[in-house]
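Fold and geometry: a report
The primary structure of each chain is shown beneath.
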Amino acid sequence: MSSFRRAQQWATFARSWHLYDMKWQNPYESAYVIKKYLSGLWKPIYHPLNNCGDHVVVINSKEVALPGDDWYRRAYFHHRRYAGSKSWTLAWELHEADNTLIVKKAVYFALEKGLFRGNQMTRLHIFPDANIPPEIAGNITNQIRPLRPVPSKLEEVPDEVASQCPQLFDLPADFVEGSDLWGKPDPERKAQPIRTPYKPKGQEPW
Amino acid sequence: MATIRGCLAASVLFRNSVKKSCVKYQVVRTVYGRKQSDERADMIRELFKRKQEAGPEKKAHRGTYLDWNYKSELFAFSKRIGETFMNGSLERAFTQRSYVLQQEATQKDLGLDDPDRVLEDNRSLAEKGEELSRDFVARYLRTALPCLPEENIQSIRDHLLKPESVANIISNIGADELILTSEFPTEIQTRVSTFYALIGAIEESSGQERGALFVRDFIIASLSGQDINALIMPENKFETLREIFLREGKEPPEPRLISHVGINTIIPSYRVGIYSEKKHIGTGDGESVKDALDNASLSVLWKMWGVPDAVFQFPYQLDVGQVLSNNQTNVPGSEWTREKISCR
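This is a predicted model, so every value here is computed, not measured. (Residues numbered from 1 in each chain as written. Chains lettered and ligands numbered in written order. Predicted model: local features only at pLDDT ≥ 70, side-chain atom pairs only at ≥ 80, totals over all residues. Heavy atoms only, no water.)

A few points about the overall build of chain B
What counts is decided by this rule: The helix count covers DSSP runs of H or I at least four residues long, the strand count covers runs of E at least two residues long, and both are numbered beginning at the N terminus. Only protein chains enter the area calculation, which uses a 1.4 Å probe; residues under 20% of their type maximum are buried, those over 50% are exposed, and those in between are partly exposed. We get accessible surface area from the Shrake-Rupley algorithm with a probe of 1.4 Å; when it comes to residues, only the shown protein chains can shield them.
Within chain B, the regular secondary structure consists of 13 helices and 3 strands. Counting the 344 residues in chain B, one finds 38% classified as buried. For chain B, the exposed surface amounts to about 21,900 Å²; the carbon and sulfur share of it is 51%.

What to know about the interface of chain B and chain A
The condition is simple: Any two residues whose heavy atoms approach within 4.5 Å at even a single point are treated as in contact. Defined in terms of a 1.4 Å probe, buried area is the accessible area two parts forfeit on being brought together, summed over both. Each salt bridge in this description consists of a side-chain nitrogen of Lys or Arg and a carboxyl oxygen of Asp or Glu lying within 4 Å of one another.
Taken together, the 22 residues of chain B in the interface contact 18 residues of chain A. Summed over both partners, the interface of chain B with chain A comes to about 1,600 Å²; 57% of that surface belongs to carbon and sulfur atoms. The largest contributions to the chain B side of the interface with chain A come from B:V261, B:I267 and B:E287, which together make up 26% of the buried area. Of the charged contacts in the structure, one is a salt bridge between A:R5 and B:D227, with a shortest N-O distance of 3.8 Å.

Re the pattern of salt bridges
Applying the stated criterion to the full structure yields 26 salt bridges over all chains. The residue A:R148 makes a salt bridge to A:E29 at a minimum N-O spacing of 3.2 Å. Here A:E29 lies in helix α2 (residues 27-38) and A:R148 lies in the loop between β6 (142-143) and α8 (159-164), a separation of 119 residues in the sequence. The class of A:E29 is partly exposed, set by a relative accessible area of 38%. The partner of B:R97 in a salt bridge is B:D121, and the shortest N-O contact between them spans 3.1 Å. Pair noted here: B:R97 is in helix α5 (residues 97-109) and B:D121 is in the loop between α5 and α6 (123-144), with a separation of 24 residues, a long-range link. With relative accessibility at 32%, the residue B:R97 sits in the partly exposed group. Judged by relative accessible area, B:D121 falls into the buried class, the value being 12%. Within this structure, A:R5, B:D227 and B:D309 form a network of salt bridges that share partners.

Quick notes on the nonpolar core
The condition is simple: Nonpolar core, defined: a set of buried Ala, Val, Leu, Ile, Met, Phe, Trp, Tyr and Cys residues in which side-chain atoms within 4.5 Å join the residues together. For the domain bounds, the source is a domain assignment made automatically or taken from a database.
Among the nonpolar cores identified, the biggest contains 75 residues, and B:F77, B:F94, B:F195, B:I219, B:W305 and B:F314 are the most heavily contacted of them. Counting only domains with at least three residues in this core, you end up with domain 2 (70-228) and domain 3 (234-340) of chain B. If sequence neighbours within four positions are ignored, B:F94 has contacts with B:Y70, B:L74, B:F77, B:N122, B:A175, B:L178, B:I179, B:L180, B:T194 and B:L198. A:I34, A:I102, A:V107 and A:A110 belong to the second largest nonpolar core, which has 25 residues in total.

Structural notes on the sheet that holds strand β1 (residues 254-261) of chain B
Either a parallel or an antiparallel arrangement is found when strands of a sheet pair, and the pairing is made through backbone hydrogen bonds. For the record, the criterion: DSSP-based pairing: two strands are paired if at least 2 bridges between them are found. Angles here are taken between N-to-C directions and fall from 0 to 180 degrees, while the axes themselves are lines fitted to C-alpha atoms, restricted in helices to the stretch in contact.
Spatial strand order, β1-β2-β3 (chain B): 3 strands in an open sheet with antiparallel pairing. On the outer flanks of this sheet lie β1 and β3 (279-286) of chain B, each paired with one strand and no other. Strand-to-strand twist of the sheet, defined as the mean angle between neighbouring strand axes without regard to direction, takes the value 25 degrees. In terms of strand pairing, strand β2 (residues 269-276) of chain B meets β3(B) through 7 bridges, oriented antiparallel. Looking across to β3(B), one finds that B:S276 is bridged to B:K279. Together, β2 and β3 of chain B form the strand contacts of helix α1 (residues 3-12) of chain A, whose direction differs from that of β3(B) by roughly 80 degrees. Together, β1, β2 and β3 of chain B form the strand contacts of helix α12 (residues 289-304) of chain B, whose direction differs from that of β3(B) by roughly 130 degrees.

Some details on α1(A)
Owing to its 3.6 residues per turn, the α-helix brings residues three or four apart onto one side. Stated precisely, the cut-off is as follows: To be clear, the arc concerns the directions from the helix axis to the C-beta atoms.
Those residues of α1(A) that fall on the buried side of the exposure criterion are A:F4, A:A7 and A:A11. For α1(A), the angular spread of buried residues about the axis comes to 60 degrees, placing them on one side. Each element contacted by the buried residues of α1(A) is listed here: β2, β3 and α12 of chain B.

A closer look at the confidence of the model for chain B
To keep it simple, the criterion reads: pLDDT: the predictor's confidence for each residue, scored from 0 to 100.
Looking at chain B, pLDDT values average 89 and 88% of them are 70 or higher. Reported for the predicted complex are a pTM of 0.77 and an ipTM of 0.75.

Thoughts on the packing of α6(B) against helix α9 (residues 188-206) of chain B
All names here are of chain B. Our working definition: When an angle is under 35 degrees it counts as roughly parallel; over 145 it counts as roughly antiparallel; between 65 and 115 it counts as roughly perpendicular; any other value is oblique. Residue classes follow a fixed rule: Ala, Val, Leu, Ile, Met, Phe, Trp, Tyr, Cys and Pro count as nonpolar, while Asp, Glu, Lys and Arg count as charged, and any other residue, Gly among them, counts as polar.
Interhelical geometry of α6 versus α9 gives an angle of 85 degrees and a closest axis separation of 6 Å. Relative to α9, the element α6 is oriented roughly perpendicular. Residues L125, A126, K128, G129, E130, L132 and S133 of α6 lie in contact with α9, whose contacting residues are S193, Y196, A197, I199, G200, A201, E203 and E204. Looking at the contact of α6 with α9, its residues break down into 7 nonpolar, 4 polar and 4 charged.

Concerning unusual backbone geometry
Both trends apply: most residues other than glycine have a negative phi, and most peptide bonds are in trans. Of the consecutive residues B:F184 and B:P185, the connecting peptide bond is found in the cis state with omega at -5 degrees. You can see B:P185 is positioned in the loop between α8 (163-172) and α9. Positive phi, normally seen in glycine, also occurs at A:W24, with a value near 60 degrees. Here A:W24 shows up in the loop between β1 (17-21) and α2. Backbone geometry at A:N60 places phi at a positive 60 degrees, although glycine is not the residue there. Tracing the backbone through its elements, the reader meets A:N60 in the loop between β2 (55-59) and α3 (70-73).

Concerning the environment of B:T337
Residues and elements named next belong to chain B. Assignment of secondary structure puts T337 in the segment after α13 (320-324). T337 sits in the buried class, given a relative accessible area of 7%. Sequence separation of T337 and P185 is 152 residues, and the distance between their C-alpha atoms is 50 Å. Sequence-distant contacts of T337, defined by excluding residues within four places in its chain, comprise R247 and E248.

With respect to α9(B)
All names here are of chain B. Quick reminder of the rule: Here, expected helix span is obtained from the residue count minus one, scaled by 1.5 Å.
Helix length check: α9 (19 residues) gives 27 Å between terminal C-alpha atoms against 27 Å at 1.5 Å per residue, within 8%. Along α9, 15 of the 19 residues are buried, which leaves the element largely enclosed by surrounding structure. G207 sits one or two residues past α9 and shows a positive phi near 100 degrees.

Structural notes on the sheet that holds β6(A)
Read from one edge of the open sheet, 4 strands run β5-β2-β1-β6 (chain A), paired in parallel fashion. The sheet is open, and its two edges are formed by β5 (124-126) and β6 of chain A, each paired on a single side.

Thoughts on a negative patch on the surface
Quick note on the threshold: Patch rule: a residue counts if its relative accessible area is over 30% and it has no salt bridge; like charges are joined within 9 Å, and nonpolar side chains (Val, Leu, Ile, Met, Phe, Trp, Tyr) within 5 Å. Positive charges come from Lys and Arg alone, negative charges from Asp and Glu alone, with His and the N- and C-terminal ends not counted. To locate a charge, take NZ of a lysine, CZ of an arginine, CG of an aspartate or CD of a glutamate.
Among the surface-exposed residues, B:E104, B:D113, B:D114 and B:D116 lie close enough to one another that they form a single negatively charged patch. When you line up the elements, B:D116 lands in the loop between α5 and α6.

Observations concerning the packing of aromatic side chains
What counts here: Ring pairs are drawn from Phe, Tyr and Trp, using the six-membered ring of Trp, whenever the two centres fall within 6.5 Å, and their geometry is named by plane angle: stacked under 30 degrees, edge-to-face over 60, tilted for the rest. Whether a charge sits over a ring depends on NZ of Lys or CZ of Arg being within 6 Å of the ring centre and within 35 degrees of the ring normal.
Counted according to the given criterion, the structure contains 13 aromatic pairs over all chains. Measuring from centroid to centroid gives 6.4 Å for B:F195 and B:Y196, while their planes differ by 55 degrees, and the two rings are tilted. A single burial state applies to B:F195 and to B:Y196, both of which are buried. One aromatic cluster is present, built from ring pairs that chain together B:F136, B:Y140, B:F312, B:F314 and B:Y316. The side chain of A:R117 reaches across the aromatic face of A:Y108, ending 3.9 Å from its centre. Geometry around B:Y275 places B:R256 over its ring, the cationic atom sitting 4.1 Å from the centre.

Structure, rendered in structure tokens:
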């Protein structure tokens with residue numbers, strides 16, 4: 001094989017680096033977008049047994065947006081393999097403990113099961129904010145388009161711009177009940193039943 | 001009687017109580033035929049041991065076997081390659097000098113000193129055949145690759161006529177055992193000179209064109225499956241390209257880094273493009289910028305020399321008469337410009 005052909009092979013199997021901005025994105029839908037790049041599905045040389053996946057750098061995992069009331073309803077099961085060590089952690093608790101874990105678990109479950117899954121997960125680099133180490137930032141050559149455009153919050157719009165917007169209706173402050181609680185966990189919200197087949201010990205209602 | 005009946009009842013009870021999966025099977029070993037004696041086994045064991053001690057069997061020439069008929073083998077060989085030989089020139093082509101000397105010594109020992117019984121060796125035929133091969137291969141390459149510099153034509157010819165590859169050809173056409181020589185197994189140089197002598201014999205019997213056809217079908221065809229582009233590698237790739245552009249009176253080629261990926265990892269990849277007069281003329285990849293530049297220069301050079309990578313297919317079926325009448329020499333690398341070549 002000539003050096004030219006060798007270099008062609010080298011370039012064919014070179015691993016690209018992609019950037020994905022997770023701000024205000026659904027992690028469970030984004031995971032399937034990231035999976036395509038992590039496992040190399042977009043490449044013409046793809047084969048399930050071909051180790052041709054790329055690197056994906058996920059930023060702003062702190063500002064991930066879960067659909068509906070999933071922050072309170074979604075439970076992450078863990079068992080430490082000791083008797084009575086089952087645990088169900090709610091999504092908001094998990095996110096408070098480590099703000100990269102929601103994305104990591106979403107991608108892990110999206111990837112195909114098999115011997116390559118661990119290798120592919122090592123090529124996923126998650127950062128809670130936009131600060132990336134320079135040695136990783138230097139590698140990135142592509143950005144994956146996020147699934148949804150990021151909306152701007154009314155609080156973030158400067159007052160000069162907001163005041164220029166014509167106010168068509170003069171609504172009372174309590175026009176929508178509980179609107180002051182939007183985007184915040186409800187302190188008076190009752191504990192919801194967890195949607196898993198088992199319940200923690202000692203809390204049976206019967 | 002009572003005891004027997006009691007035993008039967010107990011066995012039925014027992015059988016019913018035991019589950020099917022627990023049934024034990026007795027393995028009965030059956031020996032068919034006559035029983036073999038121990039002496040026979042001992043003998044086989046002893047023979048095996050002695051065979052191991054003696055080591056692998058020594059290779060013998062096919063000619064030492066009883067059913068060897070050299071004349072009919074020669075006849076079959078000439079039919080296989082589809083050639084007719086005049087005046088025993090085929091036998092002469094296979095006769096090495098060492099064999100002639102050996103035969104003379106044997107005859108002297110036996111007291112047979114007959115001046116008429118002189119064996120002719122293949123040296124003159126080999127000289128003739130080698131000259132034809134070297135000349136024809138160069139002509140063929142020049143006809144097939146008219147834009148390639150003369151130095152590269154020479155290097156491809158040297159690659160084709162390497163002793164190892166030529167010796168390989170003669171083994172592959174089943175002529176190795178027909179060589180009359182004193183040594184066994186035959187050495188590379190012996191096989192090479194016999195192959196050239198064979199070409200010389202064909203030329204002597206059927207003419208130059210027929211000999212050239214043999215060279216085309218066996219030497220040129222051995223290029224098949226090999227990467228020709230790997231044989232066309234100038235020492236300083238970019239410098240060669242630059243010199244060609246300067247000789248043509250054009251702007252020197254300008255390399256630019258088109259893209260790179262994973263530069264902070266252990267598997268970086270760079271892609272370099274070469275531009276001339278604001279036009280993209282070639283691209284190359286590599287582990288480093290220098291490698292990528294070399295490969296980009298190679299891709300441009302190969303395109304100019306009429307051997308573009310992964311596109312070029314070598315013609316193996318050129319007409320022999322046309323090749324033999326081609327007296328043109330390719331342009332040497334030091335004077336190579338695009339105006340000087342007739343093609344493209």
